[in-house]
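Single-letter residue listing:
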Amino acid sequence: MHPLIHCSLEDYMVGDPARKASLFDQIARVGKALGHGKRLELLDLLAQGERSVEILAQTAGLGVTSTSAHLQTLKQGGLVSTRREGTRVLYRLAGDDVVDLYARLRNVAATHLADVQVAVAAYLGEHTEEVTREELLERAASGQITVLDVRPYEEFEAGHIPGAVCIPIDELPDRLNELPVDAEIVAYCRGAYCVFAPEAVRLLAGRGMNAKRLADGMLEWQVAGLPMESGGT
């Protein structure tokens, strides 16, 4: 009889179970970093460009101490990195793959959790007419539309759709005269779950202007690898 016949299953097992467990524990650090709504909100903001702790805290409605703690968890999970600018420490996403991971996480949640869609509808409010990225590119290339970025200036300067006009949402009511009254306007903001663009469309439509919104936003634009510009307002 061949000697291999006498070998047990355990004789064929390779690898140290403890080391395998350690490997998966290390990978789980990413999942732990993602496991809090406010940390996801901070990733959403950092997808628009780097920020200081103070600005992130103000924008996310958190205290500076809480924001710092969340950022440290994200950093320990390898999702954010830092750089110094004088006395300030600026946070940014660790790489483009983090943007992609965050976008995929949102898509999985929206696809498999009905509560997410309910929450999205409640947050964004009444449906507004929208265009796809492909439609925006086609119409912008032919000069048929005005592309309106309603994010804060610093986000626009960090990266925006080429040719877009920047009027932050909080300034829009007082700057309507800067927009053409006889052209179609397509507004966009941070992403599919950003309320700025829907609010802008409702405001513009209420003033009799032909306005639609991009179906998603800057985050999805980045993930798709579409052209971007930086600087200037």
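What you see is a predicted model, and the numbers here were worked out from it, not measured in a lab.

**Points about the overall build of the protein**
- Within the protein, the regular secondary structure consists of 10 helices and 8 strands.
- A compact globule built from 233 residues should have a C-alpha radius of gyration of about 17 Å, whereas the protein, at 23 Å, is more than 25% larger.
- C-alpha extents for the protein along the principal axes are approximately 90 × 50 × 30 Å.
- Taken across its 233 residues, the protein has 38% of its residues classed as buried.
- Pairs at least 24 residues apart make up 65% of the contacts formed inside the protein by residues separated by at least 6 positions.
- Per element, the accessible surface of the protein, about 13,100 Å² overall, is 54% carbon and sulfur.

**Section: the side chain of His160**
- Mapped onto the fold, His160 is located in the loop between helix H8 (153-158) and strand E6 (165-166).
- Among the residues examined, His160 registers a relative accessible area of 3% and is labelled buried.
- There is a polar contact of 2.7 Å between the side chain of His160 and the backbone oxygen of Phe156.

**A few points about the side chain of Arg106**
- On the secondary structure map, Arg106 appears in helix H5 (residues 96-112).
- A polar contact of 2.3 Å, which involves the side chain of Arg106, links it to the side chain of Glu220.
- Ignoring sequence-local partners within four residues, the contact set of Arg106 consists of Asp44, Ala192, Tyr193, Leu219 and Glu220.

**Thoughts on the packing of aromatic side chains**
- Across all of its chains, the model carries 0 aromatic pairs by this definition.
- The side chain of Arg106 reaches across the aromatic face of Tyr193, ending 4.6 Å from its centre.

**Overview of the packing of helix H3 (residues 53-60) against helix H4 (residues 64-76)**
- Close contact between H3 and H4 brings their axes to 9 Å; oriented N to C, the two are set at 110 degrees. Judged by the inter-axis angle, H3 sits roughly perpendicular to H4. Between H3 and H4, the contacting residues are Val53, Leu56 and Ala57 on the first element and Val64, Thr67, Ser68 and Leu71 on the second.
- The class makeup of the residues in the contact of H3 with H4 is 5 nonpolar, 2 polar and no charged.

**Let's talk about a nonpolar patch on the surface**
- Side chains of Leu23, Phe24 and Ile27 sit close together on the surface and give an oily, nonpolar patch of about 310 Å² of accessible area.
- Take Phe24: its relative accessible area is 49%, and that puts it in the partly exposed class.

About the criteria used
- Residues numbered from 1 in each chain as written.
- Predicted model: local features only at pLDDT ≥ 70, side-chain atom pairs only at ≥ 80, totals over all residues.
- Heavy atoms only, no water.
- Helix = DSSP H or I, 4+ residues; strand = E, 2+ residues; numbered from the N terminus.
- Rg over C-alpha atoms; globule rule 2.2 N^0.38 Å.
- Buried < 20%, exposed > 50% of the residue type's maximum accessible area, 1.4 Å probe, protein only.
- Contact = heavy atoms within 4.5 Å.
- Areas by Shrake-Rupley, 256 points an atom, 1.4 Å probe, with all protein chains shown as cover.
- Polar contact = N/O pair within 3.5 Å; in protein donor to acceptor, adjacent residues only side chain to side chain.
- Phe/Tyr/Trp six-rings, centres within 6.5 Å; stacked < 30°, edge-to-face > 60°.
- Lys NZ or Arg CZ within 6 Å of the ring centre and 35° of its normal.
- Axes fitted to C-alpha atoms, helices over the stretch in contact; angles between N-to-C directions.
- Parallel < 35°, antiparallel > 145°, perpendicular 65-115°, else oblique.
- Nonpolar A, V, L, I, M, F, W, Y, C, P; charged D, E, K, R; others polar.
- Patch = residues over 30% accessible without salt bridge, like charges linked within 9 Å, V, L, I, M, F, W, Y side chains within 5 Å.
- Salt bridge = Lys/Arg side-chain N within 4 Å of Asp/Glu carboxyl O.

That's the geometry; what it means functionally is another story.
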